[in-house]
Amino acid sequence: RDDGIEILGDQTLGNQILNNLIGVGIDGVTDLGNERNGIFIEDAPGNIIGAPNQGNLIGHNRSHGIGIAGASSVGNTVQANWIGTDSSRTRDLGNGSSGIRFNDRNEASTNIGDPSGNLVGGDASQGNVIANSDRAGIRITDGFNNAFRGNEIFDNTEMAIEIGDLGTLTNDPG
């Protein structure tokens, strides 16, 4: 099992991944992590990963909880998921790298372009809980015009949201 769920290519649009246990057993705790990502979206637009009262529990994956890559990865929505923890926010189900990662590389390390126009979170009922990652909660190495709103991000080894490999930065104005 490389990735738990793969959504690949610009013809795979409009999929909904709701109410799943990814990388964990039916008890929501047992480590059944995937070798790479819990969910990997590559060059695929308009997919929905979780929704209010329909979020996924994603944990114990060796790489990222969710990976999003490629120029055609636009208009994806990631909401109301528990990534690296459970709904009680007390269990460590951390992923081996970041909770969510945006980049321009596919799994063969070929440059496939920057993901853009994706939404992670939203209002209070739509935010994700992202915790216990071995790297950042959300890591953006490539991409533009992606929005991150209303997420609860805590207890990750690195920063809550890391943009590039620039280290600690002050907040942008505005």
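Residues numbered from 1 in each chain as written. Predicted model: local features only at pLDDT ≥ 70, side-chain atom pairs only at ≥ 80, totals over all residues. Heavy atoms only, no water.

Engineer: Quick question: what am I supposed to make of the packing of aromatic side chains here?
Structural biologist: Any pair of aromatic rings gets described here by the distance separating the centres and the angle formed by the planes. If you walk through the whole model with that rule in mind, you get one aromatic pair. Taking the centre distance of 5.5 Å and the plane angle of 90 degrees together, the rings of Phe102 and Phe148 count as edge-to-face. Here Phe148 lies in strand S14 (residues 147-149) and Phe102 lies in strand S10 (residues 100-103), a separation of 46 residues in the sequence. Relative accessible area serves as the criterion here: at 25%, Phe148 is assigned to the partly exposed category. (Phe/Tyr/Trp six-rings, centres within 6.5 Å; stacked < 30°, edge-to-face > 60°. Helix = DSSP H or I, 4+ residues; strand = E, 2+ residues; numbered from the N terminus. Buried < 20%, exposed > 50% of the residue type's maximum accessible area, 1.4 Å probe, protein only.)

Engineer: Where do I start with the pairing of strand S7 (residues 66-69) in this structure?
Structural biologist: Taken residue by residue, a regular strand's side chains alternate between the two faces of the sheet. Side-chain alternation along S7 places Ile66 and Ile68 on one buried face and Gly67 and Ala69 on a second face that is also buried. Across four bridges, the pairing between strand S4 (residues 39-42) and S7 is parallel. When the sheet's bridge partners are listed, Phe40 is paired in S7 with Gly67. Where S7 meets S10, four bridges bridge the pair, whose relative direction is parallel. Opposite Ile68, over in S10, you have Phe102 as the bridge partner. (Pairing = 2+ DSSP bridges.)

Engineer: Teacher, can you tell me more about the pattern of salt bridges here?
Structural biologist: Note on pairing: side chains with opposite charge can pair once their charged atoms come close. For the structure on display, the rule yields six salt bridges. Salt-bridge contacts for Asp86 lead to Arg91; the nearest nitrogen and oxygen are separated by 3.6 Å. Here Glu158 and Arg135 are joined by a salt bridge, their closest N and O atoms 3.4 Å apart. One end of the pair, Glu158, is in the loop between strand S15 (152-154) and strand S16 (161-163); the other, Arg135, is in the loop between strand S12 (129-131) and strand S13 (138-140), with 23 residues separating them in the sequence. Judged by relative accessible area, Glu158 falls into the partly exposed class, the value being 33%. (Salt bridge = Lys/Arg side-chain N within 4 Å of Asp/Glu carboxyl O.)

Engineer: What is the right way to look at the nonpolar core in this model?
Structural biologist: One broad trend across soluble globular proteins is that nonpolar side chains are buried collectively. Ranked by internal contacts, the top residues of the largest apolar core, which has 18 residues, are Ile39, Ile41, Ile49, Ile66, Val78 and Ile100. Setting aside residues up to four positions removed in sequence, Ile66 forms contacts with Ile39, Ile49, Ile58, Val78, Ile83, Gly99, Ile100 and Arg101. (Core = buried A, V, L, I, M, F, W, Y, C linked by side-chain atoms within 4.5 Å. Contact = heavy atoms within 4.5 Å.)

Engineer: Is there a simple way to explain the environment of Leu57 in this structure?
Structural biologist: Along the polypeptide, Leu57 turns up in strand S6 (residues 57-58). Considered as a pair, Leu57 and Gly23 are 34 residues apart in the sequence and their alpha carbons are 8.3 Å apart. Beyond its immediate chain neighbours, meaning those up to four positions away, Leu57 contacts Asn20, Leu21, Ile22, Val24, Gly28, Trp82, Thr85, Asp86 and Leu93.

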